[in-house]
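# Chains, contacts and geometry: an overview
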Amino acid sequence: MRRVTAVRAAGACLAAGSLLLLAPVTPAPRGCGDLASGRLCIEGPIGGAGGFTTRYVQYDGRPETRVRLGYQRRDHRLTAFTDWFGTTATRHGRAQLSGHLATAPDECIRGILTDATGHTHATPWRCAPTA
């Protein structure tokens, strides 16, 4: 009798665990992209002038590291070269750098990160709202 109860309990645990594995993963917020090591985001007023911030938040347990943070712009004609806010070290798993940009109503922008190994990562494009 105890064995039957133990088998049923184990089966229930496996079933509950499979539900957790199949639970939908929430998409990254607008302006953000998920990397293997954390989340990269860019925020700012696209289609006008203002402050823009590129932010990187590491997943728990990752060692502190140096990152280069910046942005890339595009419009209907071309994609511009990457420009940088600078290089900084993560502190408590976070790094962010900011600058002031003037963006046109037909532009898109994305955040860029170069990690300590030299790999470059980007967020999805974020475009000015269409009227």
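In this text, all values refer to a predicted model and were calculated from it rather than measured experimentally.

A sheet is described by the order of its strands in space; here 4 strands give the open sequence β1-β2-β3-β6, paired in antiparallel fashion. One side of each edge strand has no neighbouring strand; the edge strands of this open sheet are β1 (32-34) and β6 (94-102). The mean angle between the axes of side-by-side strands here comes to 10 degrees, regardless of whether they run parallel or antiparallel. Taken together, the 9 bridges between strand β3 (residues 49-58) and β6 define a ladder with antiparallel strand orientation. The residue of β6 that forms the bridge with G50 is L101.

Right, let's get into the pairing of strand β7 (residues 108-114). Within β7, 6 of the 7 residues are buried, which leaves the element mostly enclosed by the surrounding structure. With 7 bridges connecting them, strand β4 (residues 66-74) and β7 associate as antiparallel partners. Opposite Y71, over in β7, you have G111 as the bridge partner. Here β7 pairs with strand β9 (residues 126-127) via 2 bridges, running antiparallel. Across the sheet, the residue bridging to C108 is C127, located in β9. Joining the antiparallel neighbours β7 and strand β8 (residues 120-122) is a turn of 5 residues, in which G118 adopts a positive phi near 90 degrees.

Before going further, it helps to spend a moment on the packing of aromatic side chains. Tallying each qualifying case throughout the model produces 1 aromatic pair. With centroids separated by 5.1 Å and ring planes inclined at 40 degrees, the aromatic side chains of Y71 and F85 adopt a geometry described as tilted. In this pair, Y71 is assigned in strand β4 and F85 in strand β5 (residues 83-89), connecting sequence segments 14 residues apart. No difference in accessibility class separates Y71 from F85, as the two residues are buried.

So, about the state of the cysteines. Here the structure, examined in full by the defined rule, presents 2 disulfides. Note on cysteine connectivity: C32 is disulfide-linked to C41, with sulfurs 2.0 Å apart. Between C32 and C41 the disulfide shows an S-S torsion of about 110 degrees. By sign, it is right-handed. Residue classification places C32 among the buried residues on the basis of a relative accessible area of 9%.

Our next topic: the confidence of the model for the chain. Chain-level statistics for the chain give a pLDDT mean of 84 and a share of 79% at 70 or above. Least confident of the elements in the chain is helix α1 (residues 2-22), whose mean pLDDT is 48; most confident is β5, at 97. In the model, residues 13-24 has pLDDT below 50 throughout and makes 0 contacts with residues more than four positions away in sequence or in other chains.

About the cut-offs
- Residue indices follow the written sequence of each chain, beginning from 1 at its first position.
- Local features in this predicted model are restricted to residues of pLDDT 70 or higher, and side-chain atom pairs are both shown and tallied only at a pLDDT of 80 or more, whereas totals for entire chains, interfaces and linings draw on every residue.
- Processing note: side-chain calculations cover all non-hydrogen atoms of the structure and skip hydrogens and water entirely.
- Two strands qualify as a pair provided that DSSP identifies no fewer than 2 bridges between them.
- Strands are runs of DSSP state E lasting at least two residues, helices are runs of H or I lasting at least four, and both sets are numbered from the N terminus onward.
- For helices, the axis comes from a line fit to the C-alpha atoms of the stretch in contact; other axes are also lines fit to C-alpha atoms, and the angle between any two N-to-C directions lies between 0 and 180 degrees.
- Each residue gets one of three labels from its accessible area relative to the maximum for its type: buried under 20%, exposed over 50%, partly exposed in between, using a 1.4 Å probe on protein chains only.
- Aromatic pairs are defined between Phe, Tyr and Trp rings, using the six-membered ring for Trp, whenever the two ring centres lie within 6.5 Å; interplanar angles under 30 degrees are classed as stacked, those over 60 as edge-to-face, and all others as tilted.
- Counting rule for disulfides: a pair of cysteine sulfur atoms within 2.5 Å.
- Per residue, pLDDT captures the predictor's confidence, and it can take any value from 0 to 100.
- Any two residues whose heavy atoms approach within 4.5 Å at even a single point are treated as in contact.

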